[in-house]
Amino acid sequence: MTLSADFAAAHRRHWQDAELLFRSSRLGNADHLYGLSAECGLKAVMERLGMPVDATGRPPKEYRTHVQDLWPQFEEFASRLGGARCAEDLPAGSPFADWSHHHRYARGGHSGENAVSRHRNAADGIRRMVQAAEMDETP
């Protein structure tokens, strides 16, 4: 059975779970979920801006990547398609450059409290961007 992707729903689910873990000082798993939440949120906004998806909701191959690589692609994609205003409140640079889906295998699972806080803040900015995009009537 193939499941259809729903980036916005996955974004919200990962954010909520990350927050529960963060408040319980489970920083490694919280950090991992902040990255997944951010990735799904960026893809949700890209889809809203016109990124094509296939019948199962998968994006084109060049966008099937994780947040550390997707962030700069998102910035370029949004500016090219007139969506730069939706990203204007996001942190400059790439706050997830040090995040990796491979951290899930590490003993601590993350690179420290400062990194987790930076990833959380960036994921929260994406959360607000997704909410604004969903409230906006135009893609």
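About the criteria used
Residues numbered from 1 in each chain as written. Predicted model: local features only at pLDDT ≥ 70, side-chain atom pairs only at ≥ 80, totals over all residues. Heavy atoms only, no water. Helix = DSSP H or I, 4+ residues; strand = E, 2+ residues; numbered from the N terminus. Rg over C-alpha atoms; globule rule 2.2 N^0.38 Å. Contact = heavy atoms within 4.5 Å. Areas by Shrake-Rupley, 256 points an atom, 1.4 Å probe, with all protein chains shown as cover. Phe/Tyr/Trp six-rings, centres within 6.5 Å; stacked < 30°, edge-to-face > 60°. Buried < 20%, exposed > 50% of the residue type's maximum accessible area, 1.4 Å probe, protein only. Polar contact = N/O pair within 3.5 Å; in protein donor to acceptor, adjacent residues only side chain to side chain. Salt bridge = Lys/Arg side-chain N within 4 Å of Asp/Glu carboxyl O. Axes fitted to C-alpha atoms, helices over the stretch in contact; angles between N-to-C directions. Parallel < 35°, antiparallel > 145°, perpendicular 65-115°, else oblique. Left-handed = near helix turned anticlockwise from the far one by under 90°.

Caption draft 1: The overall build of the protein, seen in detail. Helix and strand content of the protein: 4 helices and 0 strands. Reading the secondary structure of the protein in the N-to-C direction produces α-α-α-α. Against the 2.2 N^0.38 benchmark of 14 Å for 139 residues, the protein shows a C-alpha radius of gyration of 14 Å, consistent with a compact globule. Restricting the contact set of the protein to residue pairs at least 6 apart, pairs at least 24 apart contribute 69%. Looking at the protein as shown, the accessible area adds up to about 7,700 Å², and 50% of this sits on carbon and sulfur atoms.

Caption draft 2: Geometry of the side chain of Glu-39. Here Glu-39 is to be found in helix α2 (residues 27-48). Discounting chain neighbours no more than four positions away, the residues touching Glu-39 are Thr-65, His-66, Val-67 and Leu-70.

Caption draft 3: Structural context of the packing of aromatic side chains. The tally for this structure, following the rule as stated, stands at 4 aromatic pairs. Seen in terms of ring centroids, Phe-22 and Tyr-34 are 6.2 Å apart; in terms of plane orientation they differ by 65°. Their pairing is edge-to-face. Placement of Phe-22 in helix α1 (residues 7-23) and of Tyr-34 in helix α2 is noted, with a sequence separation of 12 residues between them. Aromatic pair Tyr-63 and Phe-77: ring centres 5.5 Å apart, planes at 80°, arrangement edge-to-face.

Caption draft 4: Inspection of the side chain of His-119 at higher detail. Examined against the element boundaries, His-119 turns out to sit in helix α4 (residues 113-135). Given the relative accessible area of 0%, His-119 is considered buried. Of note is the side chain of His-119, whose polar atom sits 2.5 Å from the side chain of Asp-31. Discounting chain neighbours no more than four positions away, the residues touching His-119 are Asp-31, Tyr-34, Pro-95, Phe-96, Asp-98 and Trp-99.

Caption draft 5: Local environment of the pattern of salt bridges. The tally for this structure, following the rule as stated, stands at 8 salt bridges. Between Glu-19 and Arg-120 there is a salt bridge whose closest N-O contact spans 2.8 Å. Residue Glu-19 is located in helix α1, and its partner Arg-120 is located in helix α4; the two are separated by 101 residues in the primary sequence. The class of Glu-19 is buried, set by a relative accessible area of 9%.

Caption draft 6: Broad picture of the packing of α2 against α4. Running from amino to carboxyl end, α2 crosses α4 at an angle of 30°, the nearest separation of the two axes being 9 Å. Judged by the angle between their axes, α2 and α4 are roughly parallel. Where α2 crosses over α4, the handedness of that crossing is left-handed. Contact with α2, carried on its side by Leu-27, Asp-31, Tyr-34, Ala-38, Gly-41, Leu-42, Val-45 and Arg-48, involves Glu-113, Ala-115, Val-116, His-119, Arg-120, Ala-123, Ile-126, Met-129, Val-130, Ala-133 and Glu-134 of α4 and no other residues of that element.

Caption draft 7: View of the packing of α1 against α2. Interaxial distance between α1 and α2 falls to 7 Å at its minimum, and their mutual angle equals 160°. With respect to α2, the axis of α1 lies roughly antiparallel. In this structure, the crossing between α1 and α2 has a hand that is left-handed. Residues Phe-7, Ala-8, Ala-10, His-11, His-14, Trp-15, Asp-17, Ala-18, Glu-19, Leu-21 and Phe-22 of α1 lie in contact with α2, whose contacting residues are Leu-27, Asn-29, Ala-30, Leu-33, Tyr-34, Leu-36, Ser-37, Cys-40, Gly-41, Lys-43, Ala-44 and Glu-47.

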